[in-house]
Amino acid sequence: MTEAAEVRKNYNDVEKQRIFDGEFMPHVDSMYNFAYRLTFDEDDAKDLVQDTYMKAFRFINSFQEGTNAKAWLFRILKNSFINEYRKKSKQPTKVDYQEVETFYNSDDVDEKITTDLRVDAVQDMIGDEVSNALNSLAVDFRTVIILCDLEGFTYEEMAKILDIPIGTVRSRLHRARNLLKDKLKSYAQSMGY
Amino acid sequence: MPRMQPEEKKLEVEECQQLLQLIVDGQATPEQTIAFQEHICSCKKCDEKFKLDSAIKEAIKKTCGCHQAPQELVSTIQGALQNLR
Ligand SMILES: [Zn+2]
């Protein structure tokens, strides 16, 4: 509650430019990578990133200088994707999962995958294997892995970016990793492990 | 008695998994880290899962960050910004 009601800033033009160049632009590569992995299309990814930066500038007065710009930008990008891109794309939008339940009922799956997939097999996947496996996951699962493993966001930051409770972040991440392992397992098999 | 046991075991596994996730993601407290380290000394399953999960996380970091923003995107953004103001 208090966070939403945080003091609105009133930056002047010089300050706006400084924040934009100094705090927003350094994240352009991460933003593009995220956008590309959401859309799988270079032009869509570019549009999505540009949209995000334009919105960031427009709403810059609700950004507190010196706070977590990267999480703030990722949240805008993710909302733009849901509201504008996901709607027009043909891919199914909602994955049917009972996340909380899944977290607690996946012990058997865990055990099977862990014993089947070897660490050295994963370490030998230095080509597109992991990337392809990641891309094959449903968008909500792909997203939590990107945010956590690639971008290093904490669960708390992810909860804010995705507008979901931390418990849901953690169960979705757990489920996403199991699905990823399942994909990696079949790659490992084809590699002869 | 016989009915109690599976439940107890399940809770333990749950705790292990949640702890393991925190450790792999570097978000455990020092106390949790110590507890986990003690646990994997005697639990081969968790030790293996920890190594596998860490290896996958490492592999993602190494091989999935490859889409750099195209050069012209930055100038397009800067240009659009000029028009906005
Ligand atoms: Zn264990």
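All figures in this text were calculated on a predicted structure; none of them were measured in a lab.

Turning next to the coordination of the zinc ion. Residues and elements named next belong to chain B. Taken together, His-39 (NE2), Cys-43 (SG) and Cys-46 (SG) make up the protein donors of the zinc ion, found 2.0 to 2.3 Å from the metal. Mapped onto the sequence, the donors of the zinc ion take the spacing H-x3-C-x2-C. Neither residue differs from the other here; Cys-43 and Cys-46 are each classed as buried.

In this complex, chain B contributes 39 residues to the contact, which on the side of chain A involves 49 residues. Buried area between chain B and chain A, both sides added, is near 4100 Å², and the carbon and sulfur share of it is 63%. Linking chain B with chain A are four salt bridges. For Glu72(B), the salt bridge is made with Lys46(A), and the minimal N-O distance between the two is 2.8 Å. At the surface where chain B touches chain A, the tally comes to 13 residue pairs in polar contact (both at pLDDT 80 or more). Here the side of chain B that touches chain A is built from residues that sort into 17 nonpolar, ten polar and twelve charged.

The subject of this paragraph is the packing of helix α11 (residues 166-190) of chain A against helix α3 (residues 44-63) of chain B. For the pair α11(A) and α3(B), interaxial distance at closest approach is 12 Å and the crossing angle is 85°. Considering the angle they form, α11(A) stands roughly perpendicular to α3(B). Counting all contacts with α11(A), which are made through His174(A), Arg177(A), Leu180(A), Lys181(A) and Leu184(A), the residues of α3(B) involved are Lys49(B), Leu52(B), Asp53(B), Ile56(B), Lys57(B) and Ile60(B). For the contact of α11(A) with α3(B), the class distribution of residues is five nonpolar, one polar and five charged.

This part is about the pattern of salt bridges. The tally for this structure, following the rule as stated, stands at 18 salt bridges over all chains. The partner of Lys78(A) in a salt bridge is Asp163(A), with the nearest N and O atoms 3.3 Å apart. Residue Lys78(A) is located in helix α4 (residues 69-88), and its partner Asp163(A) is located in the loop between α10 (155-162) and α11; the two are separated by 85 residues in the primary sequence. By relative accessible area, Lys78(A) is classed as buried at 8%. Asp163(A) sits in the partly exposed class, given a relative accessible area of 45%. A salt bridge links Asp53(B) to Lys49(B); the nearest nitrogen and oxygen atoms lie 3.3 Å apart. One end of the pair is Asp53(B) and the other is Lys49(B), both in helix α3 and four residues apart, which spans about a single turn.

Attention shifts here to the domain arrangement of chain A. Residue and element names in this part refer to chain A. Looking at chain A, the domain boundaries give domain 1 (1-94) and domain 2 (116-193). On a C-alpha basis, the centres of domain 1 and domain 2 stand 23 Å from each other. On the side of domain 2, 17 residues touch domain 1, which itself brings 17 residues to the contact. Overall, the association of domain 1 and domain 2 removes approximately 1600 Å² of surface from exposure, summing both partners, and the carbon and sulfur fraction of that is 52%. Taken as a group, Arg-37, Arg-75 and Lys-78 account for 33% of the area that domain 1 buries against domain 2, more than any other trio of residues on that side. In this structure, the connection of domain 1 to domain 2 is made through three salt bridges.

Our next topic: the side chain of Arg37(A). Note that Arg37(A) resides in helix α2 (residues 28-39). Here Arg37(A) sits buried without a salt bridge, and the closest side chain of opposite charge, Asp128(A), lies 7.7 Å off (N-O distance). Ignoring anything within four residues of it in the chain, the contact list for Arg37(A) reads Ser131(A), Leu134(A), Asn135(A), Arg142(A), Ile146(A), Thr63(B), Cys64(B), Gly65(B), Cys66(B) and His67(B).

All names here are of chain A. Taken as a whole, this structure holds ten aromatic pairs over all chains when the rule is applied. Here Tyr-32 and Tyr-36 contribute two aromatic rings whose centre-to-centre distance is 6.4 Å and whose plane-to-plane angle is 35°, an arrangement assigned as tilted. Pair noted here: Tyr-32 and Tyr-36 are both in helix α2, with a separation of four residues, about one helical turn. As far as the burial class goes, Tyr-32 and Tyr-36 line up, both buried. An aromatic cluster is built from Phe-20, Phe-24, Tyr-53, Phe-57, Phe-63 and Trp-72, whose rings are joined through pairwise contacts. Over the aromatic face of Phe-153 sits the side chain of Lys-70, whose NZ or CZ is 5.2 Å from the ring centroid.

Below, the discussion takes up the nonpolar core. Of all hydrophobic cores here, the largest spans 71 residues; its most connected members are Phe24(A), Val49(A), Tyr53(A), Leu180(A) and Ile77(B). Of all the elements, α4(A) adds the most residues to this core, at nine residues. Mapped onto the domain boundaries, this core takes at least three residues apiece from domain 1 (1-94) and domain 2 (116-193) of chain A. Each residue touching Val49(A), except ones within four places of it in the same chain, is listed here: Val28(A), Met31(A), Tyr32(A), Ala35(A), Leu77(A), Leu73(B) and Ile77(B). If you look at the next biggest cluster of nonpolar residues, it comprises nine residues, including Leu20(B), Ile23(B), Ile40(B) and Cys43(B).

Definitions and cut-offs
Residues numbered from 1 in each chain as written. Chains lettered and ligands numbered in written order. Predicted model: local features only at pLDDT ≥ 70, side-chain atom pairs only at ≥ 80, totals over all residues. Heavy atoms only, no water. Donors = N, O, S within 2.8 Å, 3.2 Å for Na, K, Ca; no water. Buried < 20%, exposed > 50% of the residue type's maximum accessible area, 1.4 Å probe, protein only. Contact = heavy atoms within 4.5 Å. Buried area = accessible area lost by both parts, 1.4 Å probe. Salt bridge = Lys/Arg side-chain N within 4 Å of Asp/Glu carboxyl O. Polar contact = N/O pair within 3.5 Å; in protein donor to acceptor, adjacent residues only side chain to side chain. Nonpolar A, V, L, I, M, F, W, Y, C, P; charged D, E, K, R; others polar. Axes fitted to C-alpha atoms, helices over the stretch in contact; angles between N-to-C directions. Helix = DSSP H or I, 4+ residues; strand = E, 2+ residues; numbered from the N terminus. Parallel < 35°, antiparallel > 145°, perpendicular 65-115°, else oblique. Domains from an automatic or database assignment. Lys, Arg positive; Asp, Glu negative; His and termini not counted. Phe/Tyr/Trp six-rings, centres within 6.5 Å; stacked < 30°, edge-to-face > 60°. Lys NZ or Arg CZ within 6 Å of the ring centre and 35° of its normal. Core = buried A, V, L, I, M, F, W, Y, C linked by side-chain atoms within 4.5 Å.

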